[in-house]
Structures are given as structure tokens and as C-alpha cells.
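Residue-level structural notes
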Amino acid sequence: MGHVVIFGDFFKAVGQIGDPVFRSVFLKGISLTLGLFLLIFTIFATVIGWFVPDTINLIWVGNVTWIDNALSWAAIPLMILFSVFLMVPVASAFTGIFLDEVAEAVETKHYPRLPKAPPTPLAETLRDTAQFLGVMIGLNLLALLTYVIFAPLAPFIFWALNGALLGREYFQMAAMRRIGRTAAHEMRKKHRGTVWIAGILMAMPLSIPIVNLFVPILGAATFTHLFQRLR
């Protein structure tokens, strides 16, 4: 029965996906992510221009003037490959900076009697977001060998691992806004099974392109509902 209620929390979040606050947070996260990738590409192309001369003299060929341009163009598919693997975690990190706004929008619509929660300090948000991003990327890189060895089970391992990570992060975020970091940690331990299952529900769309970019917003909204219900 509890699992059915978790789906109810999720569908409430999906039902609010058109909320202007949700759209604003999504666009800010994606814009910052694309801006970062563009900056990295520009730096990469500039460095190539610094270290690769305009003209290279090759034996039997003579002067070649297009190598620096070729390397710059070669950076484009490299950046596309780079973005395929890092778009979601980087977008999640940037979106995570604004997840308080998502939680507040959910509470305003569904729990209007709640007093306004104090804003989480930006420095604390940035620290938690960077820590979560590092742990998520690090553990998934370590799990690559497991995915190869147990290939048929790879999707389930991926969901289980990332479900635990996402559940921990989003529940902590939703709870600490209202009851503080320590009490949120204790409450998460008490309901760890429910939090993990809800996290798996968030992890499953991670393997679906485009849809996976909405996971941080849906996660913040779903776990805000989950916290209020468990509370």
C-alpha cells in the first residue's frame, strides 16, 4: 500500500510540471549547463590555437596549414560525446541550486497552511550539490565494472545504486528545509526503505534521453510530498 502512495506522490509532482516555477528552474539549470559546455569547448579550441602552429612543415608533403582548424572541428564530436555522459549529472547539479524554489512551489499549491520555510543558505546549497554530484559520478564510475560483469542485471544495479543516492539527496533536501539537517537525517534512516523505493522511481527515467533532464525537478517535488506525508 505504501508503494502505491509513493506513486501518488510522483503523479502529483508530474501534474505540476507546467508550473511556471518548475519551468523557470528547468530553464536555469539547462542554460547554465549548456553555458558550461560552451565555455569548455571555447577554452579547448583556444588552447589548440595556442599550442598548434598555423603552419606545419611535413616531409614529402610540404607546408600544412589546416591542422589547427581540423583539431578545433574535431573537438565538436568530442564535446557531444562528453555531454552525453555528463549532461544529466551536471544539469542535476545546476538545477539542484534552485530546488528550494521547486519545494516552495509544491508547498504553496498543496500545503498552503504551512508557514514559509527559511531559505537554505547558498553556500550550504552549493556544498551539498557539489558533494552529491561528486559521489554520484564517482560511484557510477566504480560501478562500471559491475555493469560489465553482470551485464543482464546492469539496469537493475543502476536503478538500485542511483535510487539510493537520489532518495538520500532529495529526501534530505525536502526534510531539512522544515526540520533541520540532523532531524532530517534521523527521519531518513527511520524510513530508509520507503526513501529508497521512491529514489528508484526517480532513477528509472535517468536512462531515457530528454526525460532524464526533468528528474531533479520531479525528484524535489515528489520527495516534498513524501516528506509531508511521512511527517
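Residues numbered from 1 in each chain as written. Predicted model: local features only at pLDDT ≥ 70, side-chain atom pairs only at ≥ 80, totals over all residues. Heavy atoms only, no water.

**Quick notes on the overall build of the protein chain**
- Of the regular secondary structure elements, the protein chain holds 10 helices and 2 strands.
- Starting at the N terminus and walking to the C terminus, you meet the elements of the protein chain as α-α-β-β-α-α-α-α-α-α-α-α.
- Burial statistics for the protein chain: of 231 residues in total, 39% are counted as buried.
- Sequence-distant contacts in the protein chain: of pairs separated by 6 or more residues, those separated by 24 or more amount to 77%. (Helix = DSSP H or I, 4+ residues; strand = E, 2+ residues; numbered from the N terminus. Buried < 20%, exposed > 50% of the residue type's maximum accessible area, 1.4 Å probe, protein only. Contact = heavy atoms within 4.5 Å.)

**Here we look at empty space enclosed by the protein**
- Inspection of the entire model under this criterion finds 1 cavity of 30 Å³ or more.
- Of the volumes computed, that of the largest cavity is approximately 30 Å³.
- Sorting the residues of the lining of the largest cavity by element identifies helix 9 (192–203) and helix 10 (215–230) as the ones contributing at least two each.
- For the lining of the largest cavity, a count of residues per class yields 6 nonpolar, no polar and no charged. (1 Å grid on protein atoms, 1.4 Å probe; cavity = no way out; pocket = protein on both sides within 12 Å on 5 of 7 lines; lining within 4 Å. Points joined across faces, edges and corners; volume = space filled by probe spheres on them. Nonpolar A, V, L, I, M, F, W, Y, C, P; charged D, E, K, R; others polar.)

**Structural notes on the packing of helix 7 (residues 154–179) against helix 10**
- It is at 8 Å that the axes of helix 7 and helix 10 come closest, and there the two elements cross at 55°. When the axis of helix 7 is compared with that of helix 10, the two are oblique. As helix 7 packs across helix 10, the resulting crossing turns out to be right-handed. From helix 7, Leu166, Gly167, Tyr170, Phe171, Met173, Ala174, Ala175, Arg178 and Ile179 reach across to helix 10, where they touch Val215, Pro216, Gly219, Ala220, Phe223, Thr224, Leu226, Phe227, Gln228 and Leu230. (Axes fitted to C-alpha atoms, helices over the stretch in contact; angles between N-to-C directions. Parallel < 35°, antiparallel > 145°, perpendicular 65-115°, else oblique. Left-handed = near helix turned anticlockwise from the far one by under 90°.)

**Side note on the nonpolar core**
- With 40 residues, the main nonpolar core has Phe22, Val102, Leu166, Phe171, Met202 and Phe223 as its most contacted residues.
- For this core, the elements supplying multiple residues, two or more each, are helix 1 (2–15), helix 2 (20–51), helix 4 (99–110), helix 5 (122–142), helix 7, helix 8 (181–190), helix 9 and helix 10. (Core = buried A, V, L, I, M, F, W, Y, C linked by side-chain atoms within 4.5 Å.)

**Brief notes about the confidence of the model for the protein chain**
- For the protein chain, per-residue confidence averages 80 on the pLDDT scale, and residues scoring 70 or more make up 80% of the total.
- When the elements of the protein chain are averaged for pLDDT, strand 2 (residues 62–64) gives the smallest value, 54, and helix 8 the largest, 91. (pLDDT = per-residue confidence, 0-100.)

**With respect to the packing of helix 7 against helix 8**
- Two elements in contact, helix 7 and helix 8, have axes separated by 8 Å at closest approach and are oriented at 135°. With respect to their mutual orientation, helix 7 and helix 8 come out oblique. For helix 7 against helix 8, the interelement crossing comes out right-handed. Seen from helix 7, the contacting residues are Arg168, Phe171, Gln172, Ala175, Met176 and Ile179; seen from helix 8, they are Arg181, Ala183, Ala184, His185, Met187 and Arg188.
- Counted by class, the contact of helix 7 with helix 8 contains 7 nonpolar, 2 polar and 3 charged residues.

**Observations regarding the environment of Ala117**
- Tracing the sequence through the fold places Ala117 in the loop between helix 4 and helix 5.
- For Ala117, a relative accessible area of 10% puts it in the buried group.
- The spatial distance from the C-alpha of Ala117 to the C-alpha of Ala103 is 9.7 Å, given a sequence separation of 14 residues.
- Sequence-distant contacts of Ala117, defined by excluding residues within four places in its chain, comprise Arg177 and Arg178.

**A closer look at helix 7**
- With 26 residues, helix 7 extends 37 Å between its outermost C-alpha atoms, agreeing within 8% with the 38 Å of an ideal straight helix rising 1.5 Å per residue.
- Where helix 7 ends, the next residue or the one after it, Gly180, has phi of about 90°, a positive value. (Expected span 1.5 Å × (residues − 1).)

**Structural notes on the packing of aromatic side chains**
- Enumeration over the complete set of coordinates arrives at 8 aromatic pairs.
- Arranged with centres 6.1 Å apart and planes meeting at 45°, the rings of Tyr170 and Phe223 form a pair that is tilted. You can see Tyr170 sitting in helix 7 and its partner Phe223 sitting in helix 10, a full 53 residues away along the chain. Per residue, the accessibility class of Tyr170 equals that of Phe223, and both read buried.
- Following the ring pairs from residue to residue traces out a cluster consisting of Phe7, Phe10 and Phe11. (Phe/Tyr/Trp six-rings, centres within 6.5 Å; stacked < 30°, edge-to-face > 60°.)

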